[in-house]
Amino acid sequence: TWSLQRVYEFFPRLEQRSEQLARTLSGGEQQMLAIGRALMTRPRLLMLDEPSLGQDTAHKAELIRVARALARAGHLVVLTTHDLPLAAQADQLTLLGPQGFVAHGPPTEILHDDACVLVQLAEEVTAEELLDLLDADRVEAALARYRAL
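Only a predicted model underlies this, so the values are computations on that prediction, with no experimental measurement involved.

(A) Here's a closer look at the overall build of the protein chain. On a plain count of helices and strands, the protein chain comes out with 9 helices and 4 strands. Taken from the N to the C terminus, the helices and strands of the protein chain come in the order α-α-α-β-α-β-α-β-β-α-α-α-α. By residue count, 34% of the 149 residues in the protein chain fall in the buried class. Within the protein chain, residue pairs in contact and separated by at least 24 positions form 48% of the contacts whose partners lie at least 6 positions apart. Accessible surface, the protein chain: about 9,600 Å² in total, of which carbon and sulfur atoms supply 55%.

In structure tokens:
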């Protein structure tokens, strides 16, 4: 079970800051606190919604370490993110687009599929920029596969 002491062992920075008000913790420390509090309720499923938002590289690395350790301890960890490098480190990846489900599988497969890349890029670049990134035949083929999903 997750006692306060075990949470402190898992997140040593929280113990160092135990006399500090939660609202004065850094963003990464507040994320650790939220996860620690959730763990103390003994969940089988831990859902983390955009936990890397606004976090620096060190906190993102800590987040991955924590998620992997929790999975090894038998927890199912579901993490939502727009951060592709973070998502690429998952065991399984589910990609959602504006219309809903796009793909599910190992990140190496999903992140190398043209249709999936188009879905991700669609939020960040214009159609003209997409054509500059990919030749027109690849774009058309990828769009056809995406529409068929």
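(B) View of the pattern of salt bridges. For the structure shown, the criterion picks out 4 salt bridges. Across the pair R17 and E29 runs a salt bridge whose closest N-O atoms are separated by 2.9 Å. Note that R17 is positioned in the loop between α2 (12–16) and α3 (27–39) and E29 in helix α3, a separation of 12 residues in sequence. Assessed through its relative accessible area of 28%, R17 is described here as partly exposed. Put simply, D83 and K60 hold a salt bridge, and the shortest N to O gap is 2.7 Å. Of the two residues, D83 sits in the loop between β2 (76–80) and α5 (84–87) while K60 sits in helix α4 (residues 57–72), which places them 23 residues apart along the sequence. Judged by relative accessible area, which is 26%, K60 ranks as partly exposed.

(C) A look at the layout of surface pockets. Approximately 160 Å³ is the volume attributed to the second largest pocket. Surrounding the second largest pocket, 13 residues form its lining, L4, Y8, L14, S18 and L33 being those nearest its centre. Only α1 (4–10) and α3 provide two or more residues apiece to the lining of the second largest pocket. Taken together, the residues of the lining of the second largest pocket sort by class into 8 nonpolar, 3 polar and 2 charged.

(D) Here's a closer look at the packing of aromatic side chains. All chains considered together, the criterion is met by 2 aromatic pairs. An angle of 85° between the planes, with centres 5.2 Å apart, marks the rings of W2 and F10 as edge-to-face. The pair W2 / F10 is uniform in exposure class, with both members buried. A centroid spacing of 5.2 Å and a plane angle of 85° characterise the contact between F10 and F11, whose relative ring orientation is edge-to-face. According to the relative accessible area criterion, F11 is buried, its value standing at 1%. An aromatic cluster is present here, built from W2, F10 and F11 joined pairwise through their rings. The lysine or arginine in question, R6, covers the ring of W2, its NZ or CZ lying 3.9 Å from the ring centre.

(E) View of the pairing of strand β3 (residues 93–97). Every second residue of β3 is oriented toward a common face, the buried set being L93, L95 and G97 and the non-buried set T94 and L96. Both β3 and strand β4 (residues 100–105) contribute to a ladder of 5 bridges, which runs antiparallel. Bridge pairing links L96 to F101 in β4. Counting the residues that bridge the hairpin from β3 to β4 gives 2 residues.

Conventions used here
- Residues numbered from 1 in each chain as written.
- Predicted model: local features only at pLDDT ≥ 70, side-chain atom pairs only at ≥ 80, totals over all residues.
- Heavy atoms only, no water.
- Helix = DSSP H or I, 4+ residues; strand = E, 2+ residues; numbered from the N terminus.
- Buried < 20%, exposed > 50% of the residue type's maximum accessible area, 1.4 Å probe, protein only.
- Contact = heavy atoms within 4.5 Å.
- Areas by Shrake-Rupley, 256 points an atom, 1.4 Å probe, with all protein chains shown as cover.
- Salt bridge = Lys/Arg side-chain N within 4 Å of Asp/Glu carboxyl O.
- 1 Å grid on protein atoms, 1.4 Å probe; cavity = no way out; pocket = protein on both sides within 12 Å on 5 of 7 lines; lining within 4 Å.
- Points joined across faces, edges and corners; volume = space filled by probe spheres on them.
- Nonpolar A, V, L, I, M, F, W, Y, C, P; charged D, E, K, R; others polar.
- Phe/Tyr/Trp six-rings, centres within 6.5 Å; stacked < 30°, edge-to-face > 60°.
- Lys NZ or Arg CZ within 6 Å of the ring centre and 35° of its normal.
- Pairing = 2+ DSSP bridges.

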